[in-house]
Amino acid sequence: MTGYFIMLSCLCYTFPRYLIFTEVKLLRLTCILFAACFLAACSVPQYVNVPVDYAPKLNFSRARTTIVVINHYMPDSTRNRGKRVLATFKAAAYTAINNAAIQLHALPGVKVVQLVDSVNFTANADSVKFLAKKYKAAYVLAFEDFKGETKWKQDNYNGVPSVYRATVINTSFTLYEANGIYSKKLNGEAEIYDTNPYASASSLLTHGGPLFDAMRNSALDALKDYLPYTDYHDRPLYANGDQLSSSVELIKAGKFDQAFKVLNPLIDGPDLKLASRAAYNLAVVYEAQGDIDAALDVAKISNQKQPNDFAKAIIVDLMKE
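Basis of the calculations
Residues numbered from 1 in each chain as written. Predicted model: local features only at pLDDT ≥ 70, side-chain atom pairs only at ≥ 80, totals over all residues. Heavy atoms only, no water. Helix = DSSP H or I, 4+ residues; strand = E, 2+ residues; numbered from the N terminus. Buried < 20%, exposed > 50% of the residue type's maximum accessible area, 1.4 Å probe, protein only. Areas by Shrake-Rupley, 256 points an atom, 1.4 Å probe, with all protein chains shown as cover. Core = buried A, V, L, I, M, F, W, Y, C linked by side-chain atoms within 4.5 Å. Contact = heavy atoms within 4.5 Å. Salt bridge = Lys/Arg side-chain N within 4 Å of Asp/Glu carboxyl O. Expected span 1.5 Å × (residues − 1). Polar contact = N/O pair within 3.5 Å; in protein donor to acceptor, adjacent residues only side chain to side chain. Axes fitted to C-alpha atoms, helices over the stretch in contact; angles between N-to-C directions. Parallel < 35°, antiparallel > 145°, perpendicular 65-115°, else oblique. Left-handed = near helix turned anticlockwise from the far one by under 90°. Arc of directions from axis to C-beta.

Points about the overall build of the protein chain
Looking only at helices and strands, the protein chain has 10 helices and 7 strands in total. Every one of the 321 residues in the protein chain was classed for burial, and the buried ones make up 36%. Total accessible area on the protein chain is roughly 19600 Å²; 57% of this is exposed by carbon and sulfur atoms.

Concerning the nonpolar core
In terms of nonpolar packing, the biggest core is built from 36 residues, with Phe 60, Leu 141, Phe 143 and Phe 173 touching the most fellow members. The set of elements that each furnish at least two residues to this core consists of β2 (65-71), α2 (83-105), β3 (110-114), β4 (139-157), β5 (160-177) and α5 (210-222). A per-element tally of this core places α2 first, with 8 residues. If we skip the residues at most four places from it in the chain, Phe 143 touches Ile 70, Asn 71, His 72, Tyr 73, Ala 93, Ala 96, Ile 97, Thr 171, Ser 172, Phe 173 and Met 215. Counting residues in each nonpolar core, the second largest holds 34 residues, with Leu 237, Leu 244, Leu 282 and Ile 315 among its members.

A short note on the pattern of salt bridges
Applying the stated criterion across every chain yields a total of 6 salt bridges. In this structure, the salt-bridge partner of Lys 224 is Asp 221, at a minimum N-O distance of 3.8 Å. For Lys 224, a relative accessible area of 36% translates into the label partly exposed. When the shortest N-O distance is used, the salt bridge between Arg 235 and Glu 287 registers 2.8 Å. With Arg 235 in strand β7 (residues 229-237) and Glu 287 in helix α8 (residues 272-288), this residue pair connects regions lying 52 residues apart in the sequence. For the pair formed by Arg 235 and Glu 287, the shared burial category is buried.

Digging into unusual backbone geometry
Even without being a glycine, Lys 136 presents a positive backbone phi close to 50°. Tracing the backbone shows Lys 136 in the loop between α3 (128-134) and β4. Look at Lys 136 and you get exposed, because its relative accessible area is 74%.

Some points on α8
Between the first and last C-alpha of α8 there are 24 Å, a value that for 17 residues agrees with the 24 Å anticipated at 1.5 Å per step. Taking the backbone nitrogen of Lys 273 as reference, a side-chain oxygen 3.2 Å away marks Asp 271 as the first, capping residue of α8. Residue Gly 290 follows α8 closely and has a positive phi angle near 90°.

Re the environment of Leu 272
Inspection of the secondary structure assignment puts Leu 272 in helix α8. Between the C-alpha atom of Leu 272 and that of Gln 306, which follows or precedes it by 34 residues, the distance is 6.6 Å. Contact partners of Leu 272, with chain neighbours within four places excluded, come to Lys 305 and Gln 306.

Remarks on the side chain of Asn 308
Examined against the element boundaries, Asn 308 turns out to sit in the loop between α9 (292-305) and α10 (309-320). On the basis of relative accessibility, which here comes to 9%, the residue Asn 308 falls in the buried class. There is a polar contact of 3.5 Å between the side chain of Asn 308 and the side chain of Tyr 238. Look past the residues within four positions of Asn 308 in its chain and what remains in contact with it is Tyr 238, Ser 276, Ser 302 and Asn 303.

Concerning the packing of helix α6 (residues 242-252) against helix α7 (residues 256-267)
Running from amino to carboxyl end, α6 crosses α7 at an angle of 155°, the nearest separation of the two axes being 8 Å. Looking at the two axes, α6 sits roughly antiparallel to α7. Crossing geometry of α6 relative to α7 is assigned as left-handed. Of the residues in α7, those touching α6 at Gln 243, Leu 244, Ser 246, Ser 247, Leu 250 and Ile 251 are Phe 256, Gln 258, Ala 259, Val 262, Leu 263 and Leu 266.

Observations concerning α6
Taken residue by residue, α6 has Leu 244, Ser 247, Val 248, Leu 250 and Ile 251 as its buried positions. Looking down the long axis of α6, one finds its buried residues gathered within 165° of arc, a one-sided arrangement. Next to the buried residues of α6 lie β1 (46-54), β7, α7 and α8. Phi for Gly 254, located one or two positions after α6, is positive at around 75°.

Now the structure itself:
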């Protein structure tokens, strides 16, 4: 009898636990199914890197323009006594000056007279007015100085922002008019990309290394208003739905005409959510083709049909362009 009581007690104890366990399993299954449905309904964007070509913001005043390029910089030998370091600083300055001269010479109608000697690197003491008259130049471009500093910078990778610490080079030029009275400061910045995470300061001073690449890029940045250039934007795209997904694949493949044929009919459709997302994707298409005005118009349509963060972000960028 005692054994029967014990067996009955065990059965009574086990039965409720089985019911509880079954209910927990059902609850978990329900949660999993709900999460799957929720994720399927969400818009998971894909990203495309969009190159945008920019024309120069400023042009030189004459159809045929001569620019004399000179140097005003000399490293301080009282602070840097090492001959190798001084030689490297001079070589870095010459790298920036030479790249500036090359870029200016490539502009239509521009002739460059480069007076900087890479071997006998010295600072030019002649007056701007004298040099302009001697070489019949409209402008004199003088390299003034460069320095390195550490900054916190932000970047985006596939739409995810990241903050990192970077060493940058700042270069400064002065663009003088021929009279020597009027001038404009041209400042540039570029990051030093060193692939060796354990690099020492001396490795950055190696000829042809990351420092010299940064000097070239910083000179480009200083002249950016006078040069055509290409910038890259990491743009998210709406990809949920068959039609939007197909447009994303076409945009990534650079088949913009076909992407337009897919997206354009959706903009005037009855589904405002789909119309808004199609309009945004089409704005990215226009931007990739360099039609900034059309991209801005369609991005505004996207935000009017249904306000969204993607459209708001691209509108801000396009208005700057």
